[in-house]
Amino acid sequence: MKKSKIAGIGYYVPDNIYTNEDLTKFMDTSDEWITERTGIKERRYADRLDETTTDMGVKAAKTAIERAGTTAQDIDFIIFATLSPDYYFPGCAVLVQRELKMKEVGALDIRNQCSGFVYALSIADQFIKTGMYKNILIIGSEKHSFALDYSTRGRSISVIFGDGAGAVVMQPTDKKEQGILSTHLHSDGEEAEKLAMIYPGSAAGKGLENRPNWPDQELGGLLMTPEMLEDGSAYPYMDGQAVFKKAVVKFPEVIHEALSENNLKTTDIDLLIPHQANLRISQFVQRSLKLRDDQVFNNIQKYGNTTAASIPIALCEAWEQGKIKEGDLICLAAFGAGFTWGSALLYW
Ligand code: ACO
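Quick caveat, the model's predicted, so the values are computed rather than measured. (Residues numbered from 1 in each chain as written. Predicted model: local features only at pLDDT ≥ 70, side-chain atom pairs only at ≥ 80, totals over all residues. Heavy atoms only, no water.)

1. Quick word on the overall build of the protein chain
In terms of helices and strands, the protein chain carries 11 helices and 13 strands. Whereas a compact globule of 348 residues would reach a radius of gyration of roughly 20 Å, the protein chain reaches 20 Å, a difference of no more than 12%. Out of the 348 residues belonging to the protein chain, those deemed buried represent 54%. When the accessible surface of the protein chain is totalled, it reaches about 16,000 Å², and 50% of it is carbon and sulfur. Put simply, the protein chain has 37 plus and 47 minus side-chain charges, and the middle of one group is 5 Å from the middle of the other. (Helix = DSSP H or I, 4+ residues; strand = E, 2+ residues; numbered from the N terminus. Rg over C-alpha atoms; globule rule 2.2 N^0.38 Å. Buried < 20%, exposed > 50% of the residue type's maximum accessible area, 1.4 Å probe, protein only. Areas by Shrake-Rupley, 256 points an atom, 1.4 Å probe, with all protein chains shown as cover. Lys, Arg positive; Asp, Glu negative; His and termini not counted. Charge placed at Lys NZ, Arg CZ, Asp CG, Glu CD.)

2. Considerations on the pairing of strand E4 (residues 77–81)
Most of E4 is tucked away, with 5 of its 5 residues classed as buried. Here E4 shows no split at all, with Phe77, Ile79 and Ala81 on one side and Ile78 and Phe80 on the other all buried. On the question of chirality, the crossover connecting E4 to the parallel strand E5 (residues 106–110) by way of helix H4 (residues 92–99) is right-handed. (Right-handed = clockwise from strand over helix to strand, strands pointing away.)

3. Remarks on the nonpolar core
Counting 39 residues, the largest nonpolar core has Phe251, Ile255, Leu272, Ile281, Val285 and Phe335 as the members making the most contacts within it. Elements with a minimum of two residues in this core: helix H8 (240–261), helix H9 (279–289), strand E12 (329–336) and strand E13 (340–347). Considering each element in turn, this core owes the most residues, 8 residues, to H8. The contacts of Leu272, once residues within four sequence positions are left out, are Ile255, Val285, Leu289, Leu291, Gln295, Val296, Phe297, Cys331 and Ala333. One finds Val168, Ala314, Cys316 and Leu332 within the second-largest nonpolar core, a separate group that totals 35 residues. (Core = buried A, V, L, I, M, F, W, Y, C linked by side-chain atoms within 4.5 Å. Contact = heavy atoms within 4.5 Å.)

4. Things to note about the site of the ligand
Taken together, the neighbourhood of the ligand is formed by 23 residues, with Thr29, Arg37, His275, Asn278 and Asn305 sitting nearest. Measuring from an oxygen atom of the ligand, one finds a side-chain N or O atom of Trp33 at 3.2 Å. Between an oxygen atom of the ligand and a side-chain N or O atom of Arg37, the distance comes to 2.5 Å. Protein burial of the ligand: of its 1,000 Å² of free accessible surface, 71% is covered by the chains. Secondary structure elements with two or more residues in the shell around the ligand: helix H2 (31–38), helix H6 (155–158), H8 and E12. For the shell around the ligand, the element with the highest residue contribution is H8, accounting for 4 residues. Residue composition of the shell around the ligand, by class: 12 nonpolar, 8 polar and 3 charged. (Near = heavy atom within 4 Å. Polar contact = N/O pair within 3.5 Å; in protein donor to acceptor, adjacent residues only side chain to side chain. Nonpolar A, V, L, I, M, F, W, Y, C, P; charged D, E, K, R; others polar.)

5. A closer look at the UniProt feature "domain: Beta-ketoacyl-[acyl-carrier-protein] synthase III N-terminal" (unreviewed entry) in the protein chain
In the numbering used here, UniProt assigns the "domain: Beta-ketoacyl-[acyl-carrier-protein] synthase III N-terminal" (unreviewed entry) feature to residues 108–189. From the first C-alpha to the last, residues 108–189 spans 22 Å; its make-up is 22% helix and 35% strand. (UniProt positions renumbered as here; feature names shortened; annotations may be inferred.)

6. Examining the pattern of salt bridges
Pairing is possible between side chains that carry opposite charge, provided their charged atoms lie close to one another. Applying the stated criterion across every chain, the model contains 16 salt bridges. Between Lys325 and Asp328 there is a salt bridge whose closest N-O contact spans 3.7 Å. (Salt bridge = Lys/Arg side-chain N within 4 Å of Asp/Glu carboxyl O.)

7. Let's talk about the UniProt feature "active site" (unreviewed entry) in the protein chain
Annotation from UniProt places "active site" (unreviewed entry) at Cys114, His275 and Asn305. Taken together, the annotated residues stretch across 192 residues yet fold into one region, lying no more than 8.9 Å apart by C-alpha. Of the annotated set, the members that line the largest pocket are Cys114. With respect to the helices and strands, the residue His275 is situated in the loop between strand E11 (271–274) and H9. With a relative accessible area of 1%, His275 lands in the buried category. Excluding its chain neighbours within four sequence positions, the residues that come into contact with His275 are Cys114, Phe251, Ser282, Asn305, Thr307, Ser310, Ile311, Ala333, Ala334 and Phe335. Relative to the elements of secondary structure, Asn305 occurs in the loop between helix H10 (300–303) and helix H11 (310–320). Asn305 sits in the buried class, given a relative accessible area of 4%. Aside from chain neighbours lying at most four places away, what touches Asn305 is Ile40, His144, Ile160, Phe161, Gly162, His275, Gln276, Ala277 and Ile300. (1 Å grid on protein atoms, 1.4 Å probe; cavity = no way out; pocket = protein on both sides within 12 Å on 5 of 7 lines; lining within 4 Å.)

Have a look at this one:
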């Protein structure tokens, strides 16, 4: 059976740089607090009105398609991972199909937040192994800045996230030391609301203490109320300590799972690209796996947490910097909202 390989990779980040110091104009925070707790020094924000999640994804995709030596017309399936889509529906994958004037191929959006790229890679891997598709475009793209609370009330979340996009083209390969060895996907919905954006949603805040006063009417009207912006419930919520505790257990667990499935050891990893959640989490994972500094790549310092885009952006940057060579063993690992987590082990 054929394996799947990353044939081309690209990323795009907006030009607008916001340093920690810049954020002090909007909220009571400091470079010291943000650096110490998250490692982040700056992040990029898309143009507020004129640059969408899809626009960024398309830019990353164009580079990935060109580097794969193919054209948009050759792509036979699109997977788009994001938690910040252009529209509530339809998804972004169809907008990419339109923008790149692609054939009438299948277009799938997935909603797995920080694990979105690893989930997408796993889906693409199955389609290529079965022979169903030969050129799959995967995009991870986020425009977090449209929905963060930039007042002091939202500071523990807003300082963490940034905008950007990464993309890969997956193709079949016969080579022994090339391509995806295995992928591993997990979830535990027990703490789903500990990292969540509840509204707008058809649950209408059922079971939550801060459920807003909905308009008194027989049907409908449960999408959004002005009170939700005022009381902050319209914005994402994160129990940072709960996320930290679970992430530092699940990252190493799912990396060990991938290694043991392939009879490999942590010393065999040439480069680990962890989802860029928080530098403290990556450092904790590195220590618990006893990896050297040159075995782990982090760029959260420059871009913040770009959720579904973070792994392809980091992978692309590491490759562009010459830190990944043909035949290297690369481990990708992610953990995020849901909670969901996963890993992928591949030879470059
Ligand atoms: N600037 C200054 N002070 C702040 C800020 C800020 N940006 N944010 C919060 N504070 C204050 C709080 O108000 C609080 O003040 P108080 O003691 O007077 O009440 C104090 O700092 C401590 O707040 P905590 O929320 O308890 O801070 P904590 O030490 O837990 O750090 C953090 C918060 C950085 C989010 C931490 O919990 C963490 O690293 N969690 C992991 C979550 C994470 O990384 N998520 C990434 C996204 S999810 C993912 O990708 C998996």
